[in-house]
Amino acid sequence: LGTEELDHVTEKIAYLAPEVIDKRIVSPAQDIYSLGLMTYELITGTYPFSQNNIQELFDDILNKQLPSITAYHPELNAPTIRQIDRILQKMTSKNPNERYKTATTAIRNLTRVILSDSQIMVGKLFISYAREDTAFVDKLTKEMDRFRIN
């Protein structure tokens, strides 16, 4: 494969859950894992694992935990970072049984943490909110329903 083809393949497999790579039983939990990686990338602006080659990528997906968002958002207070990290770790647990049961629950927990903090996250994730406004959650939930992600 050429560099361009390899990049395309890597992009396609970058969000696979560990159980898909290990050829274990696939379930809706793999969608929660992928959503966790995408959420991490939205918050930090970067993909969390090595993409130097497919073997390193698979090894990272199978064995490495997500790095903390601390380096990307030092302006957030420590309790907020810990809560967001906990949610992302649960979404991307290597064990599918330890992940959230639904994407809606994961997103609502993440949104609750973000809305409970008086700080606004900056960077590639822009969440425009007022404490009484749940439009972000409602809109995301409708999109997930549209694509039958629960």
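The structure reproduced in this document is the subject of the present report. Just so it is clear, the model here is predicted, and its values are computed rather than measured. Note on numbering: residues in each chain are counted from 1, in written sequence order. A pLDDT threshold of at least 70 governs which residues receive local features in this predicted model, and a stricter bar of 80 or more applies before side-chain atom pairs are shown or counted, although totals over entire chains, interfaces and linings include all residues. Side-chain metrics in this entry use all non-hydrogen atoms of the structure; hydrogen atoms and water are not considered.

A separate point is the nonpolar core. Take the buried Ala, Val, Leu, Ile, Met, Phe, Trp, Tyr and Cys residues and link them wherever side-chain atoms come within 4.5 Å; each set so joined is a nonpolar core. Throughout this description, buried means an accessible area under 20% of the type-specific maximum (1.4 Å probe, protein chains only), exposed means over 50%, and partly exposed covers the range between. The biggest cluster of nonpolar side chains holds 29 residues, and the ones touching the most others in it are F49, I69, I84, L88 and M91. To qualify as a helix, a DSSP run of H or I must reach at least 4 residues; to qualify as a strand, a run of E must reach at least 2; elements of each kind are numbered from the N terminus. Residue assignment for this core shows that the elements contributing at least two residues are α3 (29–44), α4 (54–63), α5 (78–91) and α6 (103–116).

Attention now goes to the packing of α3 against α5. Inter-axis angles, ranging from 0 to 180 degrees, are taken between N-to-C directions of lines fitted to C-alpha atoms, where helices are fitted over the stretch in contact. Where α3 meets α5, the axes come as close as 8 Å, and the angle between the chain directions of the two elements is 145 degrees. Counting all contacts with α3, which are made through I32, Y33, L35, G36, T39, Y40 and I43, the residues of α5 involved are I84, L88 and M91. Each residue belonging to the contact of α3 with α5 can be placed in one class, and the counts come to eight nonpolar, two polar and no charged. We call two residues in contact when some of their heavy atoms are within 4.5 Å. Residues were grouped as follows: Ala, Val, Leu, Ile, Met, Phe, Trp, Tyr, Cys and Pro as nonpolar; Asp, Glu, Lys and Arg as charged; and all remaining residues, including Gly, as polar.

This part covers unusual backbone geometry. Residues other than glycine seldom take positive phi values, yet K23 does so here, at roughly 60 degrees. Note on placement: K23 falls in the loop between α2 (18–21) and α3.

Right, let's talk about the packing of α5 against α6 for a bit. The interhelical angle for the contact between α5 and α6, taken along N-to-C directions, is 170 degrees, at an axis separation of 10 Å. With respect to each other, α5 and α6 are oriented roughly antiparallel. Contacts between α5 and α6 pair T80, Q83, I84, I87 and M91 from the former with A106, N109, L110, V113 and I114 from the latter. Residues of the contact of α5 with α6, tallied by class, amount to seven nonpolar, three polar and no charged. Angles are sorted into four bins: roughly parallel if under 35 degrees, roughly antiparallel if over 145, roughly perpendicular if 65 to 115, and oblique for all others.

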